[in-house]
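One-letter residues, chain by chain:
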Amino acid sequence: MTPDRMAPFLKDGKSMLLAYDQGLEHGPSKDFDDRNIDPAFIMETAVKGGFCGVVFQKGIAERYYTGKVPLIVKVNGKTSLPQGEPISKQVCSVEHAVSLGAKAVGYTIYLGSELEADMLKEFGAIQEEAHERGVAAIAWIYPRGKAVQNDTSKEIVAYAARTGLELGADAVKIKYTGDSASFSWAVKSAAGVKVFMSGGPKAPTDEAFLQQVRGVMDAGATGLAVGRNVWQHREPLKMAEELRKVIFQNKPVQEALASR
Ligand code: FBP
């Protein structure tokens, strides 16, 4: 029986994680304003919003992690500056992530990139070390690069999910296909690996975002690992409350929105 290394991040088998590594991935001027540029604000949002975990790169974890929600440390990362086929290499050891209090490490694989072999190999070693140290290995699996035409098709998202299973990830963070029926194929393809939806840019309305989350949960996923749709929201704690209603209380979107 595979040990459930994701247990620290689960409530009744479901989860919502707050991601905050966009400062490295996209740069501060693209995603942040005067409020959410402060990592302390994100840490507070994670605690007050009832999140089951928070995702930081090591530099932010070292300075701002308060220990009040379980920590995931991203152990690879890249900036948006280089052109060409995407690659993200290790920037933090598993040992250091664990010393910061991480209960999981996160690693991004750009599936389909000409450089994917480097990331598959690096993740292989990280997964083994994470498991030796008793923490989960979460794979962000984003199909990307010249060979990838549509990164949210049913086939490619299921391929990403299945790759997580084949590589021994405890959880995968993948993009939504756009509808629950096709996303359920990805969940089936993951065959027991916990599936988290990755958020993406802020949705045009709260209802549109919550409909996606509803679709993800109806497909049998574990939950979501999102950033911008929460901390770019005018009222991040209100959005967190609505997410909790959909994810943990299984409410329809209209009911989750009813308190507005
Ligand atoms: P968002 O919900 O803000 O999209 O965050 C999820 C995430 O995976 C982050 O962890 C990461 O920084 C970002 O998306 C990467 O986005 P991109 O698709 O541009 O690589």
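Since we're looking at a predicted model, the values are computed, not measured.

Rules and cut-offs
Residues numbered from 1 in each chain as written. Predicted model: local features only at pLDDT ≥ 70, side-chain atom pairs only at ≥ 80, totals over all residues. Heavy atoms only, no water. Buried < 20%, exposed > 50% of the residue type's maximum accessible area, 1.4 Å probe, protein only. Helix = DSSP H or I, 4+ residues; strand = E, 2+ residues; numbered from the N terminus. Contact = heavy atoms within 4.5 Å. Near = heavy atom within 4 Å. Polar contact = N/O pair within 3.5 Å; in protein donor to acceptor, adjacent residues only side chain to side chain. Areas by Shrake-Rupley, 256 points an atom, 1.4 Å probe, with all protein chains shown as cover. Nonpolar A, V, L, I, M, F, W, Y, C, P; charged D, E, K, R; others polar. Right-handed = clockwise from strand over helix to strand, strands pointing away. Pairing = 2+ DSSP bridges.

## Some details on helix H3 (residues 39-48)
Right, on to step 1. Taken together, the buried positions of H3 are Pro-39, Phe-41, Ile-42, Met-43, Thr-45 and Ala-46.
Right, on to step 2. Contacts made by the buried residues of H3 are with strand E1 (15-19), strand E2 (53-56), helix H4 (58-64), helix H10 (228-231) and helix H11 (236-247).
Right, on to step 3. Downstream of H3 by a residue or two, Gly-50 has a phi angle that is positive, lying close to 70°.

## Notes on the side chain of Asn-76
Right, on to step 1. Its location among the elements puts Asn-76 in strand E4 (residues 76-77).
Right, on to step 2. Judged by its relative accessible area of 0%, Asn-76 is buried.
Right, on to step 3. Each residue touching Asn-76, except ones within four places of it in the same chain, is listed here: Gln-57, Ser-88, Lys-89, Gln-90, Val-91, Gly-106, Tyr-107 and Thr-108.

## Details of the site of the ligand
Right, on to step 1. Neighbouring the ligand are 16 residues; Asp-21, His-26, Tyr-142, Gly-200 and Arg-228 lie closest to it.
Right, on to step 2. Separating an oxygen atom of the ligand from a side-chain N or O atom of Asp-21 is a distance of 2.6 Å.
Right, on to step 3. In this structure, an oxygen atom belonging to the ligand sits 2.7 Å away from a side-chain N or O atom of Arg-228.
Right, on to step 4. For the ligand, whose unbound accessible area comes to 470 Å², protein coverage reaches 92%.
Right, on to step 5. Residue classes in the shell around the ligand are distributed as 4 nonpolar, 6 polar and 6 charged.

## Here we look at the pairing of strand E7 (residues 136-141)
Right, on to step 1. Of all the 6 residues making up E7, 6 are buried; the element is thus mostly covered by neighbouring parts of the structure.
Right, on to step 2. The alternating pattern of E7 places Ala-136, Ile-138 and Trp-140 on one face and Ala-137, Ala-139 and Ile-141 on the opposite face, and all of these are buried.
Right, on to step 3. Note on the crossover from strand E6 (residues 102-109) through helix H6 (residues 116-132) to E7: the handedness is right-handed.
Right, on to step 4. Examined bridge by bridge, E7 and strand E8 (residues 171-174) share 3 bridges and lie parallel to one another. Within E8, the position partnered with Ala-139 by the bridge is Val-172.
Right, on to step 5. Between E7 and its parallel partner E8, the chain crosses via helix H7 (residues 154-166), and the hand of that crossover is right-handed.

Purely spatial values, then, with no claim about function.
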